[in-house]
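Topology and contacts: notes
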Amino acid sequence: VKLHPLSEWADDALFLAGNAEFSLAHNRTKAVEYWRTILERHEGSEHLERSAYYIGVALELEKKWEEARLAYDDAKQRFPDSAFNTLIDKHLKKVNNELSRPKPR
């Protein structure tokens, strides 16, 4: 991907790298970087909707509630007809609940 970032297979490699970072290395930050690169550089990729959803999930698992909310909102805005929107709505309930909790002083 570094040598050929816009090749026809680069989005596949980025998606798989993101999944490996998330699942195997447990490096959610790096996974989000890979998935965001797909959103930024690979219009038309078959991995766009899933990457947008996974970004929200990774941020939610990191308890980055505001960032997760923004990621889920972005996914729904980009892909209003996505099959992931039902799942996103369920995640948003938890995220919004966490955001509404009183903040410790």
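Details of the structure are given in the entry above.
Conventions adopted
- Residues numbered from 1 in each chain as written.
- Predicted model: local features only at pLDDT ≥ 70, side-chain atom pairs only at ≥ 80, totals over all residues.
- Heavy atoms only, no water.
- Helix = DSSP H or I, 4+ residues; strand = E, 2+ residues; numbered from the N terminus.
- Buried < 20%, exposed > 50% of the residue type's maximum accessible area, 1.4 Å probe, protein only.
- Contact = heavy atoms within 4.5 Å.
- 1 Å grid on protein atoms, 1.4 Å probe; cavity = no way out; pocket = protein on both sides within 12 Å on 5 of 7 lines; lining within 4 Å.
- Points joined across faces, edges and corners; volume = space filled by probe spheres on them.
- Axes fitted to C-alpha atoms, helices over the stretch in contact; angles between N-to-C directions.
- Parallel < 35°, antiparallel > 145°, perpendicular 65-115°, else oblique.
- Left-handed = near helix turned anticlockwise from the far one by under 90°.
- Core = buried A, V, L, I, M, F, W, Y, C linked by side-chain atoms within 4.5 Å.
- Phe/Tyr/Trp six-rings, centres within 6.5 Å; stacked < 30°, edge-to-face > 60°.

A few words on the environment of F84. Its place among the elements puts F84 in the loop between α4 (65-78) and α5 (85-100). Looking at F84, the relative accessible area reads 14%, which means it is buried. Beyond its immediate chain neighbours, meaning those up to four positions away, F84 contacts E49, R50 and Y53.

Let's shift gears to the layout of surface pockets. In this structure, the largest pocket encloses a volume near 190 Å³. Lining the largest pocket are V1, K2, P5, L14, K30, E33, Y34, T37 and R41. The biggest single contributor to the lining of the largest pocket is helix α2 (residues 28-41), with five residues.

One way to put it is that α4 packs onto α5 with a least axis distance of 9 Å and a crossing angle of 155°. If you check the angle between α4 and α5, you find them roughly antiparallel. Crossing of α4 over α5 shows left-handed handedness. Facing W65, E66, A68, R69, Y72, D73, A75 and K76 of α4, the residues of α5 in contact are N85, I88, D89, H91, L92, K94, V95, N96, E98 and L99.

Turning to the nonpolar core, a few remarks are in order. Formed by 24 residues in total, the largest nonpolar core has its most connected members in W35, I38, L39, Y53, I55, Y72 and I88. Apart from the residues lying within four places of it in its own chain, the contact partners of I88 are Y53, Y72, A75 and K76.

This next bit is on the packing of aromatic side chains. Taken as a whole and judged by the stated rule, the model has five aromatic pairs. For the ring pair F15 and Y54, a centre distance of 5.9 Å and an interplane angle of 15° mean the geometry is stacked. Here F15 is found in helix α1 (residues 10-23), whereas its partner Y54 is found in helix α3 (residues 48-61), with 39 residues between them in sequence. The class of F15 is buried, set by a relative accessible area of 7%. Note on Y53 and F84: the rings are 5.1 Å apart at their centroids and 25° apart in plane angle, and the pair reads as stacked.

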